[in-house]
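For reference, the chains in residue letters:
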Amino acid sequence: MLSILAAFALAAGIASNASAAETIKIGVAGAHSGDLASYGIPTMKAALLVAQDLNEQGGINGVKVEVLAEDDVCKPEVATNTATKLVSENVNVVIGHICSGATKAALPIYRDANIIVMSPSATNPDLTQSGDYPNFYRTIASDDAQARTLVDFATDTLKVGKIAVIHDKGDYGKGLAEFVKSFLEKDGKAEVVLFEGVTPGAVDYSAVVQKIRRSGADAVIYGGYHPEASKIVSQMRKKRMKTMFLAPDGVKDDTFINVTGKNAEGVYASGPADVSKNPLTKKFRDKFMATEGAEPGAFFDNGVTAALALTNAIAKAGTDSAAIAKVLHTETADTPFGAVKFDETGEPIGIGFVVYQVKDGKFVTVQ
């Protein structure tokens, strides 16, 4: 991994402490190590590839692009330090953070420094809807939309009548689960027979698995990330429970399949739409494949989209944050998700969720 990043660094201009002043600096913050690195590293590489592509063309209006990558391990208490460091390094914009909790912790620091932040994956609705972070944008839809997708699929397509809603107590997982519960209760199409939080990082989830069994649930809708989902699903299947399992984009990652093995078969997960046929998607995926010989992983396309949207705005407006924001709201950028611009809250217009299912060891679009 280090050799790969070194190769990218040479081409894209990844920064060191002695970086040149006459560059456009893009900070990339996210989980670059730990259990959730499979979510953060693809975005970092996406930013490096976009920077490399621009620099091969002479940069942005003749100015080279530099990427400064910082690891927050998807932990709020680390994210504040990460944000402080990127601000001290005078970044012009930031791509990240990856997890909603870490993003929420870091955003006030960027806001006070008047730096625009664009996440490829932080889906907590309050990040845009609260109005507290006018400097924040994202290239993925919010969790209220994701919860709606999961609920409609469970009740209208799978026709389940009893649902257990489980979450990891975090900003992302619990927030999504609360939307799921609210929609189910409002719709009246299925009964919420269990609403339960679990502790992330635990080895044994047999207690909640037993509660799911006793509840008589036809399906579980889970809010959280793949490490906990993998353990819960595996323990359910070991007890020969056939209860359907639905999860959000925090689970829709090949790492979930690799860790869970055969027990992953049949699991449903929502995530960004498959945009592999878009020429821009192919361009950057081909560049990635040429370097690593493997698929890029979760949120890579969303990371490319964030990098292209921000660099397009900088090309048109310069590095002033107010000018960048005006372009983001009023003009489109060509991205893997098509021509993208952002509404007044920072939400991307036209980007939503679809449902996948694990079939023969791969996530396949089902709706």
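For the structure, see preceding data.
A quick note: this is a predicted structure, and the numbers were derived from the prediction, not measured.

Asker: Which residues make up the pattern of salt bridges, and what values do they have?
Answerer: Tallying each qualifying case throughout the model produces 14 salt bridges. One salt bridge connects glutamate 347 with arginine 138, and the closest N-O pair in it is separated by 2.7 Å. One end of the pair, glutamate 347, is in the loop between β12 (338-340) and β13 (353-359); the other, arginine 138, is in strand β5 (residues 136-138), and 209 residues separate them in sequence. The same class applies to glutamate 347 and to arginine 138, which are both buried. The salt bridge partner of aspartate 301 is arginine 285, with a shortest N-O separation of 2.4 Å. Of this pair, aspartate 301 sits in helix α12 (residues 300-317) while arginine 285 sits in helix α11 (residues 279-292); the two residues are 16 residues apart in sequence, bridging distant segments of the chain. Note on aspartate 301: relative accessible area 9%, which makes it buried. By sharing partners, the salt bridges in this structure join Asp53, Lys283 and Lys287 into a single network.

Asker: Summarise the state of the cysteines; cite the residues concerned and give the values.
Answerer: Applying the stated criterion across every chain yields a total of one disulfide. Through a disulfide, cysteine 74 is tied to cysteine 99; the S-S separation comes to 1.9 Å. Negative torsions about the S-S bond denote left-handed disulfides, and the value of about 85 degrees found for cysteine 74 with cysteine 99 makes this one right-handed. Separated by 25 residues along the polypeptide, cysteine 74 in the loop between β2 (65-71) and α3 (76-88) and cysteine 99 in the loop between β3 (93-95) and α4 (100-112) bring together distant segments of the chain. Neither cysteine 74 nor cysteine 99 differs from the other in exposure class; each is buried.

Asker: Break down the packing of aromatic side chains for me, citing the residues and quoting the values.
Answerer: Within the structure shown, the criterion is met by eight aromatic pairs. Geometrically, the ring pair formed by tyrosine 172 and tyrosine 225 is tilted, given 4.9 Å between the ring centres and 35 degrees between the ring planes. Placement of tyrosine 172 in helix α7 (residues 171-187) and of tyrosine 225 in the loop between β8 (219-223) and α9 (226-238) is noted, with a sequence separation of 53 residues between them. Each member of the pair, tyrosine 172 together with tyrosine 225, is buried. In this structure an aromatic cluster arises from ring pairing among Tyr39, Tyr172, Tyr225 and Phe299. Just above the ring of phenylalanine 195 sits the side chain of lysine 181; from NZ or CZ to the centre is 5.7 Å.

Asker: Break down the packing of α12 against helix α13 (residues 321-330) for me, citing the residues and quoting the values.
Answerer: Where α12 meets α13, the closest approach of the two axes is 9 Å, and the angle between their N-to-C directions is 120 degrees. Both α12 and α13 take part in a crossing whose hand is right-handed. Touching Ala309, Leu310, Asn312, Ala313, Ile314, Lys316 and Ala317 of α12 are Ala323, Ile324, Val327 and Leu328, all from α13. The residue inventory of the contact of α12 with α13, partitioned by class, reads nine nonpolar, one polar and one charged.

Asker: Break down the sheet that holds strand β7 (residues 191-197) for me, citing the residues and quoting the values.
Answerer: Spatial strand order, β7-β6-β8-β9-β10-β13-β14: seven strands in an open sheet with mixed pairing. In this open sheet, the two strands that pair with only one neighbour each are β7 and β14 (362-365). Ignoring which end each strand starts from, the neighbouring axes of this sheet average 30 degrees apart. Relative to strand β10 (residues 268-272), strand β9 (residues 244-247) runs parallel, the two being bridged by two bridges. Of the residues in β10, the one forming a bridge with leucine 246 is tyrosine 268. Packing of α7 onto the sheet brings it into contact with β6 (162-167), β7 and β8, and relative to β6 it is tilted by some 160 degrees. Against the sheet, α9 makes contact with β6, β8 and β9, and its axis sits at roughly 175 degrees relative to β9, the strand it touches most.

About the thresholds
- Per chain, residues are indexed from 1 in the order of the written sequence.
- It should be noted that, the model being predicted, local features are given only for residues of pLDDT at least 70 and side-chain atom pairs only at 80 or more, the latter also being counted only at that level, while totals for whole chains, interfaces and linings use all residues.
- Only heavy atoms go into the side-chain values, all of them from the structure, while hydrogens and water stay out.
- A side-chain nitrogen of Lys or Arg and a carboxyl oxygen of Asp or Glu constitute a salt bridge if their distance falls within 4 Å.
- Helix and strand definitions follow DSSP, with helices as H or I runs of at least four residues and strands as E runs of at least two, each counted in order from the N terminus.
- The cut-offs for exposure are 20% and 50% of the maximum accessible area for each residue type, with area from a 1.4 Å probe on protein chains only; residues under the lower value are buried, those over the upper are exposed, and the others partly exposed.
- A pair of cysteine sulfur atoms is labelled a disulfide when the two atoms are within 2.5 Å.
- Note on aromatic contacts: the rings of Phe and Tyr and the six-membered ring of Trp form a pair at centre separations within 6.5 Å, being stacked when their planes are under 30 degrees apart, edge-to-face when over 60 apart, and tilted otherwise.
- Consider the ring centre and the ring normal. A charge sits over the ring if Lys NZ or Arg CZ is within 6 Å of that centre and within 35 degrees of that normal.
- Axis definition: a line fit to C-alpha positions, over the contact stretch in the case of helices; interaxial angles, taken between N-to-C directions, run 0 to 180 degrees.
- In a left-handed crossing the near helix is turned counterclockwise from the far helix by less than a right angle, and in a right-handed crossing that turn is clockwise.
- We call two residues in contact whenever any of their non-hydrogen atoms come within 4.5 Å of each other.
- Classes in brief: Ala, Val, Leu, Ile, Met, Phe, Trp, Tyr, Cys and Pro nonpolar; Asp, Glu, Lys and Arg charged; the others, Gly included, polar.
- Here a strand pair is declared whenever DSSP counts at least two bridges between the two strands.

On their own, these measurements won't tell you what the molecule is for.
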